[in-house]
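Spelled out from the first residue to the last, the chains are:
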Amino acid sequence: MHPRSRAFRANAAKALVDPGLQAALGKLKAGFRIKRAAAVARLPEFEALRDAGKAIKDHTLAHLDAYLETFETRAIAAGGQVHWARDATEARAAVLAICRAAGARTVTKGKSMVAEEIGLNEHLEANGLTPVETDLGEYIIQLRHEGPSHIVVPAIHLDRHAVADAFRAAHRERAPERDLSEPRAMLDEAREELRRHFLAADVGITGANFLIAETGSTAIVTNEGNGDLTQTLPRVHIVVAGIEKVVPTLNDAAVLIRLLARSATGQEVSVYTTFSTGPRRREDLDGPEEFHVVLLDNGRSAMLGGPFQDMLRCIRCAACINHCPVYGTVGGHAYGWVYPGPMGAVLTPAQVGLAEGRELVEASTLCGRCEQVCPMRIPLPAMLRHWRERAFERHLVPTRQHWGLMVWGFAARRPWLYHTAMRTAAWGLAWLARGSGGLRTLPGIGGWTASRDLPAPAGRTFRDQWTQRLRR
Amino acid sequence: MSPRTAILDGIRRSLKRGALPPCEYDRLNRRLAAPDTAVVPVRSGGTHAEKVERFAAMVVEMQASLDRVASAPAVISAVAAILAAFGLPPSVVAAPALEDAPWAGSGLTVRFGAATAADPVSVTPALCGVAETGTLVLLSGPESPTTLNFLPDLHIAVVAASAIVGSYEEAWARVRARGALSRTVNWITGPSRTADIEQTLLLGAHGPRRLHVILVDDRQPGA
Ligand code: SF4
């Protein structure tokens, strides 16, 4: 996937007038928010679990090198192979080399945001392999040749008609007049189609929700069971995972699992939580003969030790996305990168550069809802402010905004100047708006007044009124 | 420089330190060797009988079906009964671990081994059940191949009441007690599902459309 985050404004404008998308987003808000709240209310220990989860991740990140080494040693001891990748290019190359060595043609894939991050499908296709997404949402967007618009429900932006159209276009050997009006019919069709692929695949690729240092295991959490068929039936199982996914023990994973599904979909727990350790054992009747783990850095190690370290606690639950007023208005594609919403606005500049991702760090009202619901207590608004400061320092904000902020900063550090300017502006604006109480347009803020009036100031500044009250 | 060295060095540089001294590694290894239990929900506690009841209630809440039988031999007739109730042919693929069960005379055709795409019904044992969420814990191995848990349309899992634990951490203690981990540890909570089309919840995505749990009351009376 190529970043298109620079186009956020244009993408967002289009999203606002897309009725299908707006209907889908409305459902998202009604669904996930209520379900999460109910699941959290049902577990009195939820807040204590958040603290415990944060502590586990903070401890792990402070010793990340050691835990990764231990994970590697134990994964190898169990018969697995571990590959390290500094960036997307190295990770893609590692996966391709494993597929080639296995003589693979067809590859099934469980849902993996890291695979999206490294653009794995395009790379495998360009090299003659056929990757097939098996998570229903990922399968749908693969058929439509588009990226995910949400990290948990990738096809959230589509209604049933769009899915039916995609199936009719892709499943050509089926009767064209078949009834695809109900989601059930579409699911049954996808189940049949994907069964074929599961059984034919040479390699299965999954992501990982957790890497477990204690045992060298990888863990995935799914509801469909596609991840398990993906990793059990082919000869080779490849896991692609970010280096921040490691946790010390199976018990630590249990704490995070208690937070994950409740925060994501409001479920008590996902249907399938699967821990994989090495390849099949000699006596086993099924399972893959090879087990590979590709550990991806891609900007993560550089986030340690600075203002963005906390972001590495993220367990990709999407609660921040589901509760974000901006995401809820423009959807995920507007963000132009794999990760949307508040977590995406923080991660995107770290992965594709601040010049590309700058619009995203502005695309927040800093209302703080994301931090309130984040199970890992990640201070997302504070990190967005950090990015804004960096964008300003590096002159990445538009010239007029940059100078505007410089002037404002100059005045704000000199109270007498600030006060005089405010007093003049308040008086001036009130005079301009005399009679109407509001301003239709004002030079310099046309973007703001295009869709609303600027209410006129009362005529006197707050400080003046305050001083007067004190005197009384 | 290899990517591995570069990444590990990068981590240390960001953390503004070098490699950890051996005593630090020892401290971390002690944490790994004695996994602690941070926060366990109250609902996973209580007497063993309460845990069994909570497990049974959660299994049903998670949209699996549940049968309770009084003894191990009764499991096979419960399997036959559920197949008849669902209108399925009397034929199953079962985990080799169940070879000693009294299949003869049950009227069921049974094959022992891994599942194929042609097997509509599987029967497997579970290592334990977790009361907190009604979760089954199943281990892969020659005695219980993983495909049985995912390929068939109906998965029947058998768990003993004596094997019901309260929390995930208790389940891990049981798994660790068996020695080296099997290739796969599956936690299964209800039948396969998806909500990827218009957020409509549908059961039976890629895994089993139905999960049927047979809970065997093997506890001594009065225990
Ligand atoms: S930032 Fe927090 S809320 Fe958002 S996906 Fe990550 S863990 Fe979930």
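Analysis parameters
Residues numbered from 1 in each chain as written. Chains lettered and ligands numbered in written order. Predicted model: local features only at pLDDT ≥ 70, side-chain atom pairs only at ≥ 80, totals over all residues. Heavy atoms only, no water. Helix = DSSP H or I, 4+ residues; strand = E, 2+ residues; numbered from the N terminus. Areas by Shrake-Rupley, 256 points an atom, 1.4 Å probe, with all protein chains shown as cover. Lys, Arg positive; Asp, Glu negative; His and termini not counted. Charge placed at Lys NZ, Arg CZ, Asp CG, Glu CD. Contact = heavy atoms within 4.5 Å. Buried area = accessible area lost by both parts, 1.4 Å probe. Salt bridge = Lys/Arg side-chain N within 4 Å of Asp/Glu carboxyl O. Pairing = 2+ DSSP bridges. Near = heavy atom within 4 Å. 1 Å grid on protein atoms, 1.4 Å probe; cavity = no way out; pocket = protein on both sides within 12 Å on 5 of 7 lines; lining within 4 Å. Sits in = over half its atoms within 2 Å of the grid points. Nonpolar A, V, L, I, M, F, W, Y, C, P; charged D, E, K, R; others polar. Axes fitted to C-alpha atoms, helices over the stretch in contact; angles between N-to-C directions. Left-handed = near helix turned anticlockwise from the far one by under 90°. Domains from an automatic or database assignment. Phe/Tyr/Trp six-rings, centres within 6.5 Å; stacked < 30°, edge-to-face > 60°. Core = buried A, V, L, I, M, F, W, Y, C linked by side-chain atoms within 4.5 Å. Buried < 20%, exposed > 50% of the residue type's maximum accessible area, 1.4 Å probe, protein only. Parallel < 35°, antiparallel > 145°, perpendicular 65-115°, else oblique. Points joined across faces, edges and corners; volume = space filled by probe spheres on them.

Overview of the overall build of chain B
In step 1: From N to C terminus, chain B includes six helices and 12 strands.
In step 2: Split by element, the accessible area of chain B, about 8800 Å² in all, is 58% carbon and sulfur.
In step 3: Side chains of chain B carry 21 positive and 20 negative charges; the gap between the two charge centres is 9 Å.

Let's talk about the interface of chain A and chain B
In step 1: Facing the 105 residues of chain A at the interface are 81 residues of chain B.
In step 2: Carbon and sulfur atoms supply 56% of the area buried between chain A and chain B, which totals about 7500 Å² over both sides.
In step 3: Of all residues in chain A, R191(A), N251(A) and R258(A) give up the largest surface area on contact with chain B, accounting jointly for 10% of the area buried on that side.
In step 4: Between chain A and chain B we count 14 salt bridges in total.
In step 5: Where D252(A) meets R31(B), a salt bridge forms, and the shortest distance between an N and an O atom there is 2.8 Å.
In step 6: By the bridge criterion, five bridges tie strand β9 (residues 272–276) of chain A to strand β9 (residues 184–188) of chain B in an arrangement that is antiparallel. Each residue of the ladder has a partner; that of F275(A), found in β9(B), is V185(B).

Some thoughts on the site of the ligand
Residues and elements named next belong to chain A.
In step 1: Neighbouring residues of the ligand: 14 residues in total, closest C314, C317, A318, C320 and C374.
In step 2: The cavity where the ligand resides is the second largest cavity.
In step 3: Classifying every residue of the shell around the ligand by side-chain character gives 13 nonpolar, no polar and one charged.

Quick word on the pattern of salt bridges
In step 1: All chains considered together, the criterion is met by 46 salt bridges over all chains.
In step 2: Put simply, E192(A) and R174(A) hold a salt bridge, and the shortest N to O gap is 3.1 Å. Pair noted here: E192(A) is in helix α10 (residues 183–200) and R174(A) is in the loop between α9 (160–170) and α10, with a separation of 18 residues, a long-range link.
In step 3: A cluster of three or more residues bridged by salt bridges with shared partners is formed by R42(A), R262(A), E268(A), R43(B) and E61(B).

Regarding the sheet that holds strand β1 (residues 81–85) of chain A
Residues and elements named next belong to chain A.
In step 1: The parallel open sheet is built from six strands, whose spatial order is β1-β10-β7-β4-β2-β3. Only two strands of the sheet have a single partner each, and these edge strands are β1 and β3 (130–133). Within this sheet the neighbouring strands show an average axis-to-axis angle of 20°, counted without direction.
In step 2: Pairing geometry for β1 and strand β10 (residues 290–296), over five bridges, is parallel.

Here's the deal with the packing of helix α16 (residues 341–352) of chain A against helix α19 (residues 380–393) of chain A
All names here are of chain A.
In step 1: For the pair α16 and α19, the least separation of the axes is 9 Å and the interaxial angle reads 35°. Crossing angle aside, the handedness with which α16 passes α19 is left-handed. Here P342, M343, A345, V346, P349 and A350 of α16 lie close against α19, whose contacting residues are L380, M383, L384 and W387.
In step 2: Residue classes in the contact of α16 with α19 are distributed as 10 nonpolar, no polar and no charged.

With respect to the domain arrangement of chain A
In step 1: Domains assigned within chain A are domain 1 (8–300), domain 2 (320–399) and domain 3 (400–471).
In step 2: Of note, the centres of domain 1 of chain A and domain 3 of chain A, computed from C-alpha atoms alone, are 50 Å apart.

Observations concerning the packing of aromatic side chains
In step 1: Evaluated as defined, the whole model comprises 12 aromatic pairs over all chains.
In step 2: Ring plane angle 40° and centroid distance 5.5 Å describe the contact between W172(B) and W187(B), whose orientation is recorded as tilted. Of the two residues, W172(B) is situated in helix α6 (residues 168–177) and W187(B) in strand β9; the sequence distance between them amounts to 15 residues.
In step 3: In this structure an aromatic cluster arises from ring pairing among F275(A), Y168(B), W172(B) and W187(B).

Considerations on the environment of V239(A)
In step 1: Tracing the backbone through its elements, the reader meets V239(A) in strand β7 (residues 236–242).
In step 2: Separated by 125 residues in sequence, V239(A) and V114(A) have C-alpha atoms that sit 9.9 Å apart.

A closer look at the nonpolar core
All names here are of chain A.
In step 1: Counting residues in each nonpolar core, the largest one holds 184 residues, and the members touching the most others are F210, M311 and M343.
In step 2: Ranked by the residues each element gives to this core, the list is headed by helix α12 (residues 250–264), at nine residues.
In step 3: Looking at which domains feed residues into this core, each of domain 1 (8–300) and domain 2 (320–399) gives three or more.
In step 4: Not counting residues up to four positions away in its chain, the partners in contact with F210 are S217, T218, A219, V221, K245, V247, A253, L256, I257 and L260.

Regarding the packing of helix α4 (residues 64–77) of chain A against helix α2 (residues 22–33) of chain B
Any two packed helices are characterised by the angle at which their axes cross and by the distance between the axes.
In step 1: Packing of α4(A) against α2(B) leaves a shortest axis separation of 11 Å and a crossing angle of 60°. It follows that α4(A) is oblique to α2(B) by the angle criterion. Remark: the crossing between α4(A) and α2(B) carries right-handed chirality. Contact with α4(A), carried on its side by A66(A), Y67(A), E69(A), T70(A) and R74(A), involves Y25(B), L28(B), N29(B), R31(B) and L32(B) of α2(B) and no other residues of that element.

A closer look at empty space enclosed by the protein
Residue and element names in this part refer to chain A.
In step 1: In total, this model carries three cavities of 30 Å³ or more according to the counting rule given.
In step 2: Taken as a whole, the largest cavity holds about 130 Å³ of empty space.
In step 3: Along the wall of the largest cavity there are 18 residues; nearest its centre are C324, P342, S364, T365 and C370.
In step 4: If you list the elements that add at least two residues to the lining of the largest cavity, you get α16, α18 (369–373) and α19.
In step 5: If one sorts the elements of the lining of the largest cavity by residue count, α16 sits on top with three residues.
In step 6: Broken down by class, the residue content of the lining of the largest cavity amounts to 12 nonpolar, five polar and one charged.
In step 7: A volume near 90 Å³ is recorded for the second largest cavity.
In step 8: The wall of the second largest cavity is formed by 14 residues, among which C314, C317, C320, C374 and I378 lie closest to the centre.

A short note on unusual backbone geometry
In step 1: Unlike most non-glycine residues, R377(A) shows phi in positive territory, near 50°.
In step 2: One can find R377(A) in the loop between α18 and α19.
In step 3: A positive phi angle, close to 70°, is found at Q63(B), a residue other than glycine.
In step 4: Mapped onto the secondary structure, Q63(B) falls in the loop between α3 (48–61) and β1 (65–69).

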